[in-house]
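Examination of the molecular architecture
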Amino acid sequence: MIQITLVTVGTLKEDYLKAAFAEYKKRLSQYARVDEVNIKEELIRNEDSQSEISRALDAEAEKIIAAMPKDSYKIALCVEGRQFESEALASVISSAADRSGKISLVIGSSHGLSERVKSISDLRLSFSKMTFPHQLMKVMLMEALYRSFTIIAGKKYHK
């Protein structure tokens, strides 16, 4: 079975987001094992200080990199990433799964991800040119993964 490691900075706080995430995790369980790693967001005392934000992102990067299986196909969600239609993303997921059977996906904090995390990633993925709350992105990612696996399996869900 394919192993998916979802590494996120911060945790889901709202019950409705937790319920949606749990539903897609349950649906995905027929295709893959999903392991969650939630990393605590680093404290930033001065939101206007780029050096303090960089320091926080670098500290988070250490934990993110340690959480990803070394031989996994690594996908970083970031605004400058590539955008895919559902079928094309399913193809990427299928190829990544065939490569090592392990896929790591990373969602950063509200400040994004360190360049270090992005540079070791096999793919930089963007869902849209629009900005979404990173908690909502966690649910959107799970739905997109489920949709990808149903496409791979030839199911009708994605239509």
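We now turn to the structure provided with this report.

Right, let's talk about the pattern of salt bridges for a bit. Overall, the coordinates contain 14 salt bridges when judged by the stated rule. Lys-118 is paired through a salt bridge with Glu-80; the nearest N and O atoms lie 2.9 Å apart. Of this pair, Lys-118 sits in helix α4 (residues 115-120) while Glu-80 is found in strand β3 (residues 73-82), placing the two residues 38 residues apart along the sequence. Overall, the relative accessible area of 43% leaves Glu-80 in the partly exposed class. Two residues, Glu-143 and Arg-147, come together in a salt bridge whose shortest N-O distance is 2.7 Å. In this pair, Glu-143 and Arg-147 are both assigned in helix α5 (residues 134-152), 4 residues apart and thus about one turn of the helix distant. For Glu-143, a relative accessible area of 17% corresponds to the buried category. Each of Glu-80, Glu-115, Lys-118 and Arg-124 takes part in salt bridges that share partners, so that together they form one network.

In this section: the packing of aromatic side chains. How two aromatic rings sit relative to each other is set out by the distance from centre to centre and by the angle between their planes. Enumeration over the complete set of coordinates arrives at 3 aromatic pairs. Aromatic ring contacts, followed pair by pair, group Tyr-24, Tyr-31, Tyr-146 and Phe-149 into a single cluster. Just above the ring of Phe-21 sits the side chain of Lys-138; from NZ or CZ to the centre is 4.8 Å.

Checked against the element boundaries, Val-79 lands in strand β3. In the structure, Val-79 is positioned 22 residues away from Leu-57 in sequence and 16 Å away in space, judged by C-alpha atoms.

This part takes up the sheet that holds strand β1 (residues 2-9). Pairing is parallel in the open sheet, where 5 strands are placed in the order β2-β1-β4-β3-β5. Strand pairing shows two members of the sheet lacking a second neighbour, β2 (32-39) and β5 (123-125), which therefore form its edges. Across the sheet, the mean angle from the axis of one strand to that of its neighbour is 30°, orientation sign disregarded. Contacts from α5 reach β1, β2, β3 and β4 (102-107), with the element oriented near 165° to β1.

Below, the discussion takes up α5. For α5, built from 19 residues, the straight-helix expectation of 27 Å at 1.5 Å per residue is met to within 8% by its first-to-last C-alpha distance of 26 Å. Of all the 19 residues making up α5, 14 are buried; the element is thus mostly covered by neighbouring parts of the structure. Two residues or fewer after α5 comes Gly-154, characterised by a positive phi angle close to 80°.

All right, on to the nonpolar core then. One broad rule of soluble globular proteins: the nonpolar side chains tend to lie buried together. By size, the foremost hydrophobic cluster in this structure holds 32 residues, and its most contacted members are Ile-75 and Leu-105. If you look at the next biggest cluster of nonpolar residues, it comprises 11 residues, including Val-9, Ala-61, Ile-64 and Met-68.

In this section: the side chain of Ser-126. Among the secondary structure elements, Ser-126 is positioned in the loop between β5 and α5. A relative accessible area of 5% places Ser-126 in the buried class. Here the side chain of Ser-126 touches Ser-128 through a polar contact of 3.0 Å, landing on its backbone oxygen. With residues near it in sequence (within four places) discarded, Ser-126 still touches Cys-78, Val-79, Gly-81, Arg-82 and Gln-83.

With that out of the way, let us pick up the packing of helix α3 (residues 86-100) against α5. For the pair α3 and α5, the least separation of the axes is 8 Å and the interaxial angle reads 80°. Here α3 lies roughly perpendicular to α5, going by the angle between them. Contact residues: Ser-86, Glu-87, Leu-89, Ala-90, Ile-93 and Ser-94 in α3; Ala-144, Leu-145, Arg-147, Ser-148, Phe-149, Ile-151 and Ile-152 in α5. Looking at the contact of α3 with α5 residue by residue, the class counts come to 8 nonpolar, 3 polar and 2 charged.

The rules behind the values
Residues numbered from 1 in each chain as written. Predicted model: local features only at pLDDT ≥ 70, side-chain atom pairs only at ≥ 80, totals over all residues. Heavy atoms only, no water. Salt bridge = Lys/Arg side-chain N within 4 Å of Asp/Glu carboxyl O. Helix = DSSP H or I, 4+ residues; strand = E, 2+ residues; numbered from the N terminus. Buried < 20%, exposed > 50% of the residue type's maximum accessible area, 1.4 Å probe, protein only. Phe/Tyr/Trp six-rings, centres within 6.5 Å; stacked < 30°, edge-to-face > 60°. Lys NZ or Arg CZ within 6 Å of the ring centre and 35° of its normal. Pairing = 2+ DSSP bridges. Axes fitted to C-alpha atoms, helices over the stretch in contact; angles between N-to-C directions. Contact = heavy atoms within 4.5 Å. Expected span 1.5 Å × (residues − 1). Core = buried A, V, L, I, M, F, W, Y, C linked by side-chain atoms within 4.5 Å. Polar contact = N/O pair within 3.5 Å; in protein donor to acceptor, adjacent residues only side chain to side chain. Parallel < 35°, antiparallel > 145°, perpendicular 65-115°, else oblique. Nonpolar A, V, L, I, M, F, W, Y, C, P; charged D, E, K, R; others polar.

Geometric values such as these leave the question of function open.
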